[in-house]
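The primary structure of each chain is shown beneath.
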Amino acid sequence: MTISYTSERVWWKEPLERTELIWIVIALIWCLIMFFMMPYWHIYGQQNLANEAYRAKPADFMQKTEDMIAKYKVREEGGEQKIPVVRPPAGADVFLVARLWSWYPMLELEAGKSYRIHLMSMDWLHGFSLQPENINIQVHPGYEHVVTVTPTNPGTYSIICNEYCGINHHTMASRLYVK
Amino acid sequence: MAVNRMFRTCPSSGLVFHEPAEKLMRWNAVAAVVSLLIGGLLAIGVVLTRWQAVHLLPPDMFYQFLTAHGLNMLVFWIIFFEIAVLYFAASTLLKCRLATPRIAWGAFWLMVLGALINNYSVFRGDSSVMFTSYAPMGAHPTFYLGLILFAVGALVACFVFFGTLVVARAERTYRNSVPLVTFGAITAAIIAVFTIAAGAIILIPTFFWSVGLVEHIDSLMYKTIWWAFGHSSQQINVAAHVSVWYLIAAIVFGAKPMSEKVSRTAFLLYIFFLQLASAHHLLTDPGLTSNWKIFNTSYAMYLAVLASMVHGLTVPGAIEVAQRKKGYTQGLFQWLRKAPWGNPSFSAMFISLIGFGFLGGISGVMMGTEQLNLIIHNTIYVPGHFHATVVVGTTLAFMGLTYFLIPVLFRRELMFPGMAKWQPYVFGLGMSAVSLFLMGAGTLGVPRRHWDIGFAGNLFPHEFPGAAWLMMALGGLTGIIAVIGGGMYLLITVGSVFFGRKIVTPGFQRVSAREGMAPPAPQVSVSGHGTATAGALVAPGTFVLALVFLTAFVLYYFINWKYLSTVWPLK
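Residues numbered from 1 in each chain as written. Chains lettered and ligands numbered in written order. Predicted model: local features only at pLDDT ≥ 70, side-chain atom pairs only at ≥ 80, totals over all residues.

### Overview of the overall build of chain A
For clarity, the cut-off: In this description a helix means any DSSP run of H or I spanning at least four residues, a strand means any run of E spanning at least two, and both kinds are numbered starting from the N terminus. Between the two quantities, the radius of gyration covers C-alpha atoms and the globule rule is 2.2 Å times the number of residues to the power 0.38. Residues are scored as being in contact if the C-beta atoms we place from backbone atoms lie within 7 Å.
Counting its regular elements, chain A contains 2 helices and 12 strands. Starting at the N terminus and ending at the C terminus, chain A contains elements arranged as α-β-α-β-β-β-β-β-β-β-β-β-β-β. Relative to a compact globule of 179 residues, whose C-alpha radius of gyration would be 16 Å, chain A shows 24 Å and is clearly more extended. Dimensions of chain A along its principal axes, counting C-alpha atoms only, are 80 × 40 × 30 Å. The contacts in chain A between residues at least 6 apart in sequence include a share of 53% that link residues at least 24 apart.

See below:
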């Protein structure tokens, strides 16, 4: 069988084949390029997650959300469910609660303005998935994640949950308006 | 107690089988195939539900099927088969008796028990928590208990493997270094040990939490440590299936690695860097810094990716060198055209190699790039990726090995040889198409693990573009083709093992090896390994293929950055 190791030399003293050597050099260069793309994008790119996050208690986060709703609520949507829609000023701290199985409240933002969105779950893991932009962020209970976003185009966007969160996971969908 | 030292030599392959080891390999392989059967039946339900036009199952059953499908395929099928491969790589390839067969049986039954308990918990209906079982979503205690028992069994089996290496060394059953395939298996087993340790660190407290003894499990801690187990176990698969590629190349072509140094160093890179990949799953999570994410997600500096790119060259390179020696020297690709495409071991291995590299490898690096993950995380792109790595890569490689093992290990003739010729194409190409369509749908934002992307009855339904629906439908259609390919494999293997014609060798007997001696081994012809040559490259065709791969990789990488640059600015 050719499977056995038949050389008398120890394997690390075996000669290197030229095809392999050239390929290793090329592959290593490519690996380094890919590695340095990430810090490069932190400096020159527009789409990065900040390292800003806090430990928080669900009740406190809920309180902050209610305070924000009281300040910036413009209307209610969803018929019977009366989901508040808030329109915070540019640069404001915006709180978005993920819970079984809804997003709370609904947001109305202005294109070209930046907002500090605070994301947190009240219970299990959820996934913030903004469609059709396709921006996806994990939402944990107990960790308040602050993301500064700048919507580019006006329109009606959807926020769906893309982390499996139980039997009604697929009903967890909301809107985000950009004026 | 007397040690069983009975061996038999396979007349067609010259491989040597230790009696107790042979039986253990068979039983582990059979348990693997049974798990594959269960996982495959569940796959039908999953595929036909996500194909929105069919939408077969109600939500509770869909999530239940999906959980059980993931566990049976990714854990039970693959790990049972890997244990068989470990025993083969230690006992058969080193011509050594298996250390402590009784403990190995204990490990096997513990794994069977764990698999049964875990499946029981999911089929109860209150443990549809997915393969990942993210706390604080909780499952029935037996869910964690089953996994823990299975993992302990697998760990014990790894130590039987290590023990066999020690015996082989002590009894001098091999000369010089262990074969490359065994070296790769050692890599897999070492990764398995720290993987299972990570699993124990998280699953044991979670089990106590599920029975009320621990009050709180932090979701971020759970996710971080769980993936040190969850992702690393995929790295065991990579090490194992790359070893199987080398094994099949050696069996089918008599191929030798171009240089042992390169192939073995690449395996060492896996050991050093693969464990960092827990970070791949945490790139959009709060509470971890970008420095941590960048370092870990790239395996330091993509050094494990480098290792896979090296194997991607050296395996076909070894085949090319062997083929050129046989006289297939015309042009760049005669060696490949004249390869035995009708031999299912070879075709499975080659489709596995190409699928793993082009589909699984490239997409894996995309998802593992810190910022690109934002446009991929938790979309169905992710299942698209891992069906290319774990199914086209690992599973298909194992299928290819099975076709070799049926006559050699089970001593049965292959049933339905005509069907076996086609099986790797139906399964491999079907599954590759599944991967591509799921990745396409993921790029359009379709979430994974989601019962209804039509959002029927929702107050605020999201409307996915028609292209996304089309991709999901095509994914469903090709998924059924892949399931048929899987069914063909099951039919051939189960048929052959139980009803195949027995291979009878005149004068068959097991021979006892004397203590302290290797069993009577067939003569090994000693010839030089690939030596460094001046002038022309020894494997020019493979080098061209590698450059094609690199071009695809580079283009697709920057296309994704381009796409990322168009989404809303975030900071």
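### A look at the sheet that holds strand 3 (residues 511-512) of chain B
Residue and element names in this part refer to chain B. What counts, and what does not: When DSSP finds two or more bridges between two strands, those strands count as paired. Interaxial angle, 0 to 180 degrees, is taken between N-to-C directions of lines fitted to C-alpha atoms, where a helix line uses only the stretch in contact.
As summarised here, the arrangement of the 3 strands in space is 2-1-3, forming an open sheet in which the pairing is antiparallel. Where the open sheet ends on each side, the last strands, each with one partner, are strand 2 (16-18) and strand 3. With 2 bridges joining them, strand 1 (residues 6-9) and strand 3 adopt antiparallel strand pairing. Residue Phe7 lies in a different strand from strand 3, and its bridge partner there is Val511. Along the sheet face, helix 1 (residues 19-50) touches strand 1 and strand 2 and points at about 90° away from the line of strand 2.

### Considering the interface of chain B and chain A
Note on interface size: it is often stated as the accessible area lost on association of the parts. Heads up, the rule is: Under the scheme applied here, ten amino acids are nonpolar (Ala, Val, Leu, Ile, Met, Phe, Trp, Tyr, Cys and Pro), four are charged (Asp, Glu, Lys and Arg), and all others, including Gly, are polar.
Each side of the interface is counted separately: chain B has 90 residues, and chain A has 78 residues. When contributions to the side of chain B that touches chain A are tallied by element, the ones reaching two or more residues are helix 2 (59-92), helix 5 (180-210), helix 6 (219-253), helix 7 (260-273), helix 8 (290-297), helix 9 (299-325) and helix 15 (540-564) of chain B. Residue contributions to the side of chain B that touches chain A peak at 9 residues, all from helix 9 of chain B. Each residue belonging to the side of chain B that touches chain A can be placed in one class, and the counts come to 51 nonpolar, 27 polar and 12 charged.

### A short note on the environment of Arg175 of chain A
Here Arg175 of chain A lies in strand 12 (residues 173-178). Sequence separation of Arg175 of chain A and Trp11 of chain A is 164 residues, and the distance between their C-alpha atoms is 61 Å. For Arg175 of chain A, the contacting residues outside a window of four places in its chain are Met106, Thr156, Tyr157 and Ser158 of chain A together with Phe460 of chain B.

### Some points on the packing of helix 2 of chain B against helix 5 of chain B
All names here are of chain B. Applied cut-off: For classification purposes, angles smaller than 35 degrees are called roughly parallel, those larger than 145 roughly antiparallel, those between 65 and 115 roughly perpendicular, and all remaining angles oblique. Rotating anticlockwise by less than a right angle from the far helix to the near helix defines a left-handed crossing, while the corresponding clockwise rotation defines a right-handed one.
Direction vectors running N to C along helix 2 and helix 5 enclose 135°, while the axes themselves pass 9 Å from each other. Between helix 2 and helix 5, the crossing angle belongs to the class labelled oblique. Crossing hand, helix 2 versus helix 5: left-handed. Facing helix 2, whose interface residues are Glu82, Val85, Leu86, Ala89 and Ala90, helix 5 presents Val181, Thr182, Ala185, Ala188 and Ala189. Partitioning the contact of helix 2 with helix 5 into residue classes produces 8 nonpolar, 1 polar and 1 charged.

### Comments concerning helix 15 of chain B
For an α-helix, the turn length of 3.6 residues means that residues three or four places apart are oriented alike. Our working definition: A helix is expected to reach a length of 1.5 Å times the quantity of its residues less one. The exposure scheme places C-beta atoms from the backbone and then counts, for each residue, the other C-beta atoms within 10 Å of its own, assigning buried at 20 or more, exposed at 12 or fewer, and partly exposed in between.
The first and last C-alpha atoms of helix 15 of chain B sit 36 Å apart over 25 residues, in line with the 36 Å expected at 1.5 Å per residue. Buried within helix 15 of chain B we find Gly541, Thr542, Phe543, Leu545, Ala546, Phe553, Asn560 and Leu564 of chain B. Lining the buried residues of helix 15 of chain B we find helix 1 (18-44) of chain A together with helix 9, helix 10 (334-337) and helix 11 (344-367) of chain B.

### Re the pairing of strand 4 (residues 93-99) of chain A
Burial analysis of strand 4 of chain A places 5 of its 7 residues in the buried class, the great majority of the element. Here strand 4 of chain A hands over to strand 5 (residues 102-104) of chain A after 2 residues, the two strands then running antiparallel side by side.

### A closer look at the nonpolar core
Stated precisely, the cut-off is as follows: Joining buried Ala, Val, Leu, Ile, Met, Phe, Trp, Tyr and Cys residues through C-beta atoms within 7 Å gives a set, and that set is a nonpolar core. Domain delimitation in this document rests on an assignment produced automatically or drawn from a domain database.
By size, the foremost hydrophobic cluster in this structure holds 247 residues, and its most contacted members are Tyr87 and Ala154 of chain B. By residue number, the principal contributor to this core is helix 2 of chain B, which donates 23 residues. When residues of this core are assigned to domains, at least three map to each of domain 1 (11-44) and domain 2 (53-178) of chain A. Those residues in contact with Tyr87 of chain B that lie beyond four places of it in its chain are Ala21, Leu24, Met25, Leu98 and Phe161 of chain B.

### With respect to the sheet that holds strand 3 (residues 83-86) of chain A
Residues and elements named next belong to chain A. The sheet built from 7 strands is open, its strands ordered 2-3-6-12-11-8-9 with mixed pairing. Both edges of this open sheet fall to strand 2 (73-77) and strand 9 (135-139), since each of them pairs with a single strand only. Here the strands of the sheet are splayed against their neighbours by 25° on average, with no regard to which way each runs. Summarising the sheet, strand 2 and strand 3 pair through 4 bridges and their orientation is antiparallel. Bridging across to strand 3, Glu76 finds its partner in Pro84. The sheet strands contacting helix 2 (residues 58-72) are strand 2 and strand 3, and the helix crosses strand 3 at an angle near 65°.

### Observations concerning the packing of helix 5 of chain B against helix 7 of chain B
Residue and element names in this part refer to chain B. Where helix 5 meets helix 7, the closest approach of the two axes is 9 Å, and the angle between their N-to-C directions is 5°. It follows that helix 5 is roughly parallel to helix 7 by the angle criterion. In contact with Leu180, Phe183, Gly184, Thr187, Ile190 and Ile191 of helix 5, helix 7 contributes Glu260, Ser263, Arg264, Phe267, Tyr270 and Ile271. Its residues assigned to classes, the contact of helix 5 with helix 7 shows 7 nonpolar, 3 polar and 2 charged.

### Overview of unusual backbone geometry
Cis peptide bonds are those with omega within 30 degrees of zero, and the linkage from Leu100 of chain A to Trp101 of chain A qualifies with -10°. Its location among the elements puts Trp101 of chain A in the loop between strand 4 and strand 5. Residue Pro136 of chain B is bonded to the preceding Ala135 of chain B through a cis peptide linkage, with omega at 5°. Looking at the element boundaries, Pro136 of chain B is found in the loop between helix 3 (101-124) and helix 4 (141-170). We note that Arg172 of chain B has phi near 50°; this positive angle belongs to a residue other than glycine. Considering the arrangement of structural elements, one finds Arg172 of chain B in the loop between helix 4 and helix 5. Judged by local crowding, Arg172 of chain B falls into the exposed class, with 11 C-beta atoms found within 10 Å.

### Overview of the environment of Ser243 of chain B
Residue and element names in this part refer to chain B. Tracing the chain through its elements places Ser243 in helix 6. Overall, Ser243 belongs to the buried group, with 28 C-beta atoms counted inside 10 Å. When neighbours within four sequence positions are excluded, Ser243 is seen to be in contact with Ala89, Val181, Gly184, Ala185 and Ala188.

### Details of the confidence of the model for chain B
All names here are of chain B. Put simply, the rule reads: Values of pLDDT, the confidence the predictor places in each residue, fall between 0 and 100.
With 96% of its residues at a pLDDT of 70 or more, chain B shows a mean pLDDT of 92. In this model, residues 521-534 is a region of pLDDT below 50 whose contacts with residues beyond four sequence positions or in other chains number 25 contacts. Among the prediction metrics, the complex's ipTM stands at 0.95, with pTM recorded as 0.94.

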